[in-house]
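# Tertiary structure, described
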Amino acid sequence: MKTGVTIGVSVIIGLLIGAAVVYAAFPSTTTTSTSTITTTVGGGSTITTTIGGATSTITTTVTGAGSSLGTVTIGAILDLTGDQADYGQLSKSAVNMALSDVNAWLATQGSSTRFALNIQDDATDPATALTDIQNMAAQGIKIYVGLMTTGIATNVLSYATANNLVLISTASTGTSIDNRTLGDLFRIVPPDNVEGVPFASALTQAGYTHAVLLVRNDPFGTGLAASFEAPYTTDGGTYDVVQYTPISTGSYDFTSQLGQMQSDLSAAQATYGNSHVAILALGDAEIGVALSQASTFGSLLTVPWFTNQVSSTDLLTTAGNNALTVKLSGFQPAPAASTKYTQFYNRFVTATGSVPGIFSGLAAYDSIWLAALAILACGSNSGQCVQASFSTVADNYFGVTGWVQMNANGDRTATNYGDFGVQMVNGTLAWVPIGYWDASTQQITLTNSTG
Amino acid sequence: MALAPGIFTNALLYGVLLSMMATGLTLTYLTTKIPNFAHGNFVTLGAYLGYILFKFYNVNPYYSIPLTAVVCGAVAVFVYRVVLRPLANRGAPTIALMIVTLAINLLFIGFFGIIGDVLTNVYRFGDADFFLLSRLDFSMSGISGVMIVSLVCLIGTVVSIYLLLSKTNFGLAMTASVEKPSLAETIGIKVDRVYTISWLIGGALAGLAGSLIVFYLPVGPNFANSFIISIFAASILGGLTSIYGAVVGGMVIGTSQIVVTSYLGSILGPWVLSYQAAVPILIMVGVLLFLPAGITSISLSKGVAKRKT
């Protein structure tokens, strides 16, 4: 008995200490006109691309010293392993493609300046990312791309600021840093405070006056939920929220959450009617697990599901036919229709066998070009100069994601969002564009229904 | 507030799977007195074997159960014979052997990470680090196939163990080896062979659970770390030296982990649901404090329940 008491008390003390330690420590603007964008660097080098249908000319000049900078290394901190490995691996392919394109362009212009990449895996872990940047900063690298989560970007930002490093995030969208002062972090994908708005528009316009939310309990998920709740409530919608905790091992059991969702759904349907309730799942690829496990809770599969995890093939693989049953759909920032995008898309599919998404290749590709152009404009690898000039360079850059226009905080401004649904394509579940959300009108236009 | 029927269904399934895992753990501890913190990795191994056979040869994981059980049992024997037994023979204390199993746990996780990376980067299996094969499951009269098969397997396991222990010479040998190993040796029982076979059975049961769990929960390289606490909680609840206690402990831990959390969530709010993992820990602490020999130490005598001493 004494031994048991001793062991039990020791376990309790250990748990309390552990808990204390843990506590202390965690639009696309779819153009319809043809424009030619000319970017001039160091005296006459040009890049030309064509977008849309009618004709106009936009000339952008980025002047640089013109002299060779030698080989300038850009740091790439990517999620090559961990929760976001599928995005990270595709981003790695994209940054390598961009590097090749930039150097090829410089060669054709007779410039002896070249860029190199130092790619490091942060394992989707903020602490690892900080270690990576510290190691690379010691080698003199000043400009970094990747930093694919808000947690990672936030964790390295103070170090970057103290050491005049520039961070170009290709997938951080969390709202926790929306209102930061313009500094060394630039996020070239639209933040979550915009991403929730298309969902609110979609549910409202489709007549779903009540939503049951399944939300990942971290800054990403809760920020996304907040960006949905405000406009949805303004439009007269009501909602219930069920949260789940991210698990590092990935072994999710959503039984308790699904049970709660079923209760909320039943109550909502009794109040608003069966056809006026939908489910919105905001999280990561584990949403597919929730959708798969929802088979045990039959009524959950009788209403439409929306999710932010558009373009995640892992989600479809896991969810299986349930994704079709619930007419799963969602929104993602949509690249502007352009030959530049189309050419990149085809090259990327050929090279990787995968379709590029905004977080899985497109933004990563543009980030290398932006970094290179900013360095060339400065005529040096100076972090201070690049930080001061980046917004101007970005505002005048038309990439595979369209115009990269930044707001006063260093975040990309709102763009159109593509509406994607799930369909069976050649015997395989796939995300298919079914419409778009217009940032200027906040209206959904469907072009291809999922039925 | 009434809970959704699906909660009880999944709770029962989880309890059944946990019972199989805990039974294997208890069997190896009962015989060799080694708390094996790498036991969860035999479950992961079973899951990965089922996944690989499906991806390469389109074999439904149900059909690969016999092979995965044999392979996982063999790996468990390898771990015991190559690593743990030599250390035990050299007089290594139990705490040292326990730490070694922690190291083996880390090695396995690294191994599965490599396997996952190879499957992802070489064979382009996008879900190799996070796979759930529920889409391959069947259903009968609205009951999922994994529930039916798991229940049958658990019942078969309990019956088989009962017959093995009570009706065979091996069972007698095991009983003798557990109670008085030195005496058993002197009367000609090959105690080490008994221990080896117990590890074989323990590993096979874990592999069996792994083959089935792919239809219910997503599996990745770190999967073992998700369950090891629950497995130990189930074994401790049942009494670390009682195989049948492990079955009971697994059912109690598995069902309560889901049902209790869901019930509290319906009363206190959905925020409670995030703390589901605390349930087995709290139960384990309670058992260690008040009933360290487990629930099977309780005996009913003259209408009064009292602990066996």
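Given the structure is predicted, the values throughout are model-derived calculations rather than measurements.

## Remarks on the overall build of chain A
- For chain A, the helix and strand inventory stands at 13 helices and 18 strands.
- A total of 451 residues make up chain A; the buried ones form 55% of that total.

## Structural notes on the interface of chain A and chain B
- Contacts between the two partners involve 42 residues from chain A, matched on the other side by 36 residues from chain B.
- Ranked by residues supplied to the side of chain A that touches chain B, first place goes to helix H7 (residues 255-272) of chain A with eight residues.
- A breakdown of the residues in the side of chain A that touches chain B according to their chemical character gives 14 nonpolar, 25 polar and three charged.

## Remarks on helix H5 (residues 192-205) of chain A
Residue and element names in this part refer to chain A.
- For H5, built from 14 residues, the straight-helix expectation of 20 Å at 1.5 Å per residue is met to within 8% by its first-to-last C-alpha distance of 21 Å.
- Most of H5 is tucked away, with 11 of its 14 residues classed as buried.
- Burial in H5 covers these residues: Asp-192, Val-194, Glu-195, Gly-196, Val-197, Pro-198, Phe-199, Ala-200, Ser-201, Ala-202 and Leu-203.
- At the exit of H5 stands Gly-207, carrying a positive phi of roughly 90 degrees.

## Focus: the sheet that holds strand E7 (residues 166-169) of chain A
Residues and elements named next belong to chain A.
- The strand order across the open sheet formed by five strands is E5-E4-E6-E7-E8, and the pairing between neighbours is parallel. The outermost strands of the open sheet, each flanked by one partner alone, are strand E5 (114-121) and strand E8 (185-187). Taken pair by pair, the neighbouring strands of this sheet meet at an average axis angle of 25 degrees, ignoring direction.
- Where E7 meets E8, three bridges bridge the pair, whose relative direction is parallel.

## Quick notes on unusual backbone geometry
- One non-glycine residue, A:Leu147, adopts positive backbone phi at about 50 degrees.
- With respect to the element layout, A:Leu147 can be found in the loop between strand E6 (143-146) and helix H4 (150-162).
- Of the residues examined, A:Leu147 has 34 C-beta atoms within 10 Å and is grouped as buried.
- Here B:Ser141, not a glycine, exhibits a phi torsion of approximately 55 degrees, which is positive.
- Mapped onto the elements, B:Ser141 comes out in the loop between strand E1 (139-140) and strand E2 (143-144).

## Digging into the nonpolar core
- Among the nonpolar cores identified, the biggest contains 160 residues, and A:Leu213 and B:Met21 are the most heavily contacted of them.
- Counting residues per element, this core draws most heavily on helix H1 (residues 5-32) of chain B, at 14 residues.
- Once residues within four sequence positions are removed from consideration, A:Leu213 is found in contact with A:Ala225, A:Tyr239, A:Asp240, A:Val241, A:Val242, A:Leu280 and A:Leu282.
- Core analysis: the second largest hydrophobic core is formed by 70 residues, A:Met97, A:Val145, A:Met148 and A:Ala374 among them.

## Regarding helix H10 (residues 243-268) of chain B
Residue and element names in this part refer to chain B.
- Helix length check: H10, at 26 residues, gives a terminal C-alpha distance of 36 Å against a target of 38 Å (1.5 Å per residue), a fit within 8%.
- The sharpest bend along H10 measures roughly 30 degrees and falls at Ser-256.
- Most of H10 is tucked away, with 19 of its 26 residues classed as buried.
- One or two positions beyond H10, positive phi appears at Gly-269, with a value near 120 degrees.

## Describing the domain arrangement of chain A
- Entries for chain A in the domain assignment read domain 1 (33-189 + 358-403) and domain 2 (193-333 + 418-446).
- Each residue belonging to the side of domain 1 of chain A that touches domain 2 of chain A can be placed in one class, and the counts come to two nonpolar, seven polar and three charged.

## Considering the packing of H1(B) against helix H5 (residues 145-167) of chain B
All names here are of chain B.
- In contact at an axis separation of 10 Å, H1 and H5 are set at 35 degrees when each is read in the N-to-C sense. The chirality of how H1 crosses H5 is left-handed. Residues Thr-9, Leu-13, Val-16, Leu-17, Ser-19, Met-20 and Thr-23 of H1 form the contact with H5, whose participating residues are Val-146, Met-147, Ser-150, Leu-151, Cys-153, Leu-154 and Thr-157.
- Tallied by class, residues from the contact of H1 with H5 come to nine nonpolar, five polar and no charged.

Rules and cut-offs
Residues numbered from 1 in each chain as written. Chains lettered and ligands numbered in written order. Predicted model: local features only at pLDDT ≥ 70, side-chain atom pairs only at ≥ 80, totals over all residues. Helix = DSSP H or I, 4+ residues; strand = E, 2+ residues; numbered from the N terminus. Buried ≥ 20, exposed ≤ 12 C-beta atoms within 10 Å, placed from the backbone. Contact = placed C-beta atoms within 7 Å. Nonpolar A, V, L, I, M, F, W, Y, C, P; charged D, E, K, R; others polar. Expected span 1.5 Å × (residues − 1). Pairing = 2+ DSSP bridges. Axes fitted to C-alpha atoms, helices over the stretch in contact; angles between N-to-C directions. Core = buried A, V, L, I, M, F, W, Y, C linked by C-beta atoms within 7 Å. Bend = angle between axes of the 7 residues up to and from the residue. Domains from an automatic or database assignment. Left-handed = near helix turned anticlockwise from the far one by under 90°.

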